[in-house]
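Close look at the chain arrangement
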Amino acid sequence: MRKVTRRGLGAIALALVAAACAPNASQDSLKPAGPEAEKIHALFTPVFWIAAVIFFLVEGLLFYTAIRFRHRKGRQGIPPQIHGNNRLEIAWTILPALILVGVAVPTVSTIYDLARTPTGNVLHVNVVGHQWWWEFDYPDQKILTANELHIPVGEPVYVSLCAAGQGYAGQPAPNDCQQPGGYASVGDDVIHSFWVPELAGKQDVVPGRTNTLILQADRPGTYSGQCAEFCGLSHAYMRFKVIAQTPDEFAAWVRAQQADAATPAEGSLAATGMQQFLNGQCIACHAIQGPQVGGQPVTANGGPNLTHLASRDCFAGCTLDLTESNLERWLADPPAVKPGSWMPNYHLSQDQIKALVAYLMTLK
Amino acid sequence: MASVSVPSESARGGVLRRPTATTGFWSWVTTVDHKRIGLLYGGTAFLFFLVGGTEALFIRLQLAQPNGQVLSAATYNEFFTMHGLTMIFLVVMPLSAAFMNYMIPLMIGARDVAFPRLNAFSYWVFLLGGLFIYSSFLLGGAPNGGWFGYAPLSTVEPGNNMLFYSTGLLIVGLASTVSAINLAVTILNMRATGMSLFRMPVFIWMSLVVQFLLAFSLPIITVGLFEALFDKRFGTHFFDPAAGGDPILWQHLFWLFGHPEVYILVLPAMGIVSEILPVFARKPLFGYQFVVFSGIAIGFIGFGVWAHHMFATGLGPVANTAFGISTMIIAIPTGVKIFNWLGTLWRGDIRFTTPMLFALGFIAQFVIGGLSGVTHAVVPADYQQTDTYYVVAHFHYVLFAGAIFGLFGGLYYWWPKIFGRMLSERLGKVHFWIMAVGANLTFGPMHILGLQGMPRRVQTYTPSLGLGVWNLVATVGAFTIAVSVLVFIVNVLVSLRRPKDAPADPWDARTIEWMTSSPPPPHNFDEIPVVHSLDELWHRKYAEAEDGKVVPVPTGGSGGREESHGEGSHGEGSHGTHLPSPSYYPALAALGLPLIGYGVIFHWWMAIAGAAVLLAGLYGWSLEPSLEPTAE
């Protein structure tokens, strides 16, 4: 029976190694795609192998000892009573200590490296954690967007993780979270954690302080991320994407995002939807740049800025792909899609939903 | 303690008549016998183990597939929170307390613990505190902010859920604090003649270290819990940044308790393993002093590593460096223990009994948890690992594949001593192997899940993350563990139908709890043995001949040498023993605490009523002599 179990465990171990290399995981810290994540991976890999060697040595010794010195039938007498050996004690105190010194040195240098302030051509982004979606503020480009963070390939992005709401006790926000009046919040101001495994380690978003993180992608592509600190009902639905683009594509994206929202053609269904949007409760939370209501711009920012909603691939904390049918589903009953959603069910009629979706889909 | 003579005038005290039942329900409510209290602790903890395990099975069902529909987000958050709270505060801690209660007096040669009624009080507070927390399911919702209860989530979310958390943990924590003082005093003051500190079994040493860890760490969480309670219930702003408070303060308070807590959970299991290995390898523990000192070192360093739970909160590179290094340092004494256990096995005569299998399983699996722990100390790697399933894998290797395996080993080892009946070795081995396979199937894949991007505490995950396969394997593993627990229950039921024929020393053991009958009499020992060495019982049974060969001592040989000292030094002579009398008051006083808890949450008059019950209990208790004069 023991043999069978051992063979089973061996098969499991093999399967584990195979799975560690499985190509289908899309949010994988073992597949770094930028220098910051690469530094962590380059530190973790040798530590992993050191641990693996120690693992096999200790387990091997344990199994060898247990089997070699097992009780054999007919054995008489009692083994010699050995109470210890000081030389061995010293050895197995000092050897692990030396190994740990070897691990500690690169650990400390990497800690300081990751904590540096990047210099040169650096894009600055303020990332704001909300219950349960991510807001991305490009202060130099004057862009406010949600759930999809666009970055240029090959340049460090210096991320300030800013608290929403009344996080700073009425004081001006420290460091670079300089949104005038702070970032409004509709949900509770709780701790979140910003994590894109393929680009960087995680950093918490803590009410009352501003943490920073360097993000950099080497290749164009879409990198999946999500909130890693438990933040309430929809913690699992607080996802986002980082879209790394060539500098030219990024510049084009910036220009497109800086433009005002599109205005739908007179008399279209979308125009009806726009009227509903501006006259209804939507603008209590959602900003949209361009149209005016009563001569005032629509600047609320408690919910995601929708100026270019239709340019994104996903919405509702990247819970849903951005399609007409998903938008309809969402508007019909947001908390049914995303537990605890702070956007309530407004009991919109099918006609209202159709019109609103038609308008939202014009917001390229 | 027991032998204190009581002035007759104090016999008038006590409003309630002294309970006299020795069997039946009331005898259990009023017992102050450390063995019966140990049984109560163990039985209650095992029932909570089944509840917490059921919660785990629901969690695993929900996560077996992407977009699982078994539990709603609200229920899922309650279940994972209650699973953690239950397993830590209502299972592993009280299961350890059960062994300590039962075994400490027997292993140090005492008749009871130092404060028997306080001991009963600890148990009733623990039980009622546990029921108090669970009553939240019926009273509007269970705690749902994680066992770590991070502010401000725990203080701003609506509902009473997290009030049950803070209030309930304050109650359960009181049980542990009281018990810590009681057991530390017992170990330090009530050892048999000749049992110097360095003749104490390692389990006693580890228990002593744990009592000090409890005594120093629980006050910290107590402060934190009061602040959380006040923020939520009375609108204070300890953790509210908008009013100048700081959410990170909670994390410091919580982990300054929470990390020593890890050692509170695992050191008793390490102590049990250190008892089992020498018995079944038939060799003394290798490097006894080094094992003891590394346990003490772990206790001390354990207070200096708490911020490794907070590497991603933005403490800055200086703090992260300091706590990364201190966390690496704690690996050294842990390694020393493992190597000494291997040294104990080396050249032994190893018998693979069920307790031995669990002890070996502890070592094999704890090594995995220890090594993954070192990778957390590599701070940048932890930026990736923290708050992922990699951490879940790590601490379940320490606490389930480690502590729970050690505790099951202790159950199989001491079962004949406690119940006078043997457990089936065949079923025991089936239990072990199924549980070992289940544990590794469940928690092994979680390492991969975490590294591949699965955060902790998520109710669900999308298919696009590619995490379905390993989650399914983990779920299969969890149900495998459940099967092994069923095998254990069958084993217990079968055992209870067997004749009560376990000998005093069925394992050819080394320590003095095996010198008294199985089960022990109420007074533990007819004559308290005088201790001449570590592994006292072994030295009474075996001697080393001049050529180094170990030979049995003929019965009635040098084993009789203690008779000359006898019991005289204890002043008990031949008058028999005086055991503390049972009492209603510890249970009554404990009953006041959950009432105060409900009062804090619901209405102040319940708190007044609870305080009255508590005071009445304490008042009656203080007027009542610990030993009823008529009992002599």
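Because the structure is a prediction, the values reported are computed rather than measured.

Moving on: the domain arrangement of chain A. Residues and elements named next belong to chain A. According to the domain assignment, chain A contains domain 1 (123-227) and domain 2 (269-360). Just the C-alpha atoms count here: the centres of domain 1 and domain 2 sit 22 Å apart. Contacts between the two partners involve 14 residues from domain 1 and, on the opposite side, 16 residues from domain 2. Ranked by the residues each element gives to the side of domain 1 that touches domain 2, the list is headed by strand S3 (residues 143-146), at 3 residues. A class-by-class count of the residues in the side of domain 1 that touches domain 2 yields 7 nonpolar, 5 polar and 2 charged.

Our next topic: the interface of chain B and chain A. The interface is formed by 90 residues belonging to chain B together with 89 residues belonging to chain A. Considering each element in turn, the side of chain B that touches chain A owes the most residues, 15 residues, to helix H10 (residues 317-345) of chain B. Split into classes, the residues belonging to the side of chain B that touches chain A amount to 53 nonpolar, 26 polar and 11 charged.

As a further point, take helix H3 (residues 86-114) of chain A. Spanning 29 residues, H3(A) covers 42 Å between terminal C-alpha atoms, matching the ideal 42 Å at 1.5 Å per step. For H3(A), the complete set of buried residues consists of Glu89(A), Trp92(A), Pro96(A), Leu100(A), Val103(A), Thr107(A), Thr110(A), Ile111(A) and Leu114(A). Its buried side turned inward, H3(A) meets helix H2 (35-68) and strand S8 (211-215) of chain A together with helix H9 (288-301), H10 and helix H12 (379-385) of chain B.

Caution is warranted with low-pLDDT regions, since their predicted coordinates should not be read in detail. Residues and elements named next belong to chain B. Of the residues in chain B, 94% reach a pLDDT of 70 or more, and the chain-wide mean stands at 92. Every residue in residues 557-575 is under pLDDT 50, and counting partners more than four places away or in other chains gives 19 contacts. Reported confidences for the modelled complex are a pTM of 0.93 and an ipTM of 0.92.

Residue and element names in this part refer to chain A. With burial as the criterion, each face of S3 is covered, one bearing Ile143 and Thr145 and the other bearing Leu144 and Ala146. Pairing between strand S2 (residues 133-138) and S3: 4 bridges, direction antiparallel. Looking across to S3, one finds that Glu135 is bridged to Ala146. The antiparallel hairpin formed by S2 and S3 contains 4 residues in its connecting segment, where Lys142 sits at a positive phi of about 55°.

Once that is clear, we can look at helix H18 (residues 604-623) of chain B. Residue and element names in this part refer to chain B. Here H18 is 20 residues long and its end C-alpha atoms lie 29 Å apart, about the 28 Å a rise of 1.5 Å per residue gives. Of the positions making up H18, those classed as buried are Gly610, Gly617 and Trp621. Axial view of H18: buried residues confined to an arc of 35°, hence all on one face. Residues of H18 that are exposed and angled more than 90 degrees away from the buried face: Trp604, Trp605, Leu615 and Ser622. In this structure, the buried residues of H18 make contact with helix H4 (116-135) and helix H17 (585-601).

The rules behind the values
- Residues numbered from 1 in each chain as written.
- Chains lettered and ligands numbered in written order.
- Predicted model: local features only at pLDDT ≥ 70, side-chain atom pairs only at ≥ 80, totals over all residues.
- Domains from an automatic or database assignment.
- Contact = placed C-beta atoms within 7 Å.
- Helix = DSSP H or I, 4+ residues; strand = E, 2+ residues; numbered from the N terminus.
- Nonpolar A, V, L, I, M, F, W, Y, C, P; charged D, E, K, R; others polar.
- Expected span 1.5 Å × (residues − 1).
- Buried ≥ 20, exposed ≤ 12 C-beta atoms within 10 Å, placed from the backbone.
- pLDDT = per-residue confidence, 0-100.
- Pairing = 2+ DSSP bridges.
- Arc of directions from axis to C-beta.

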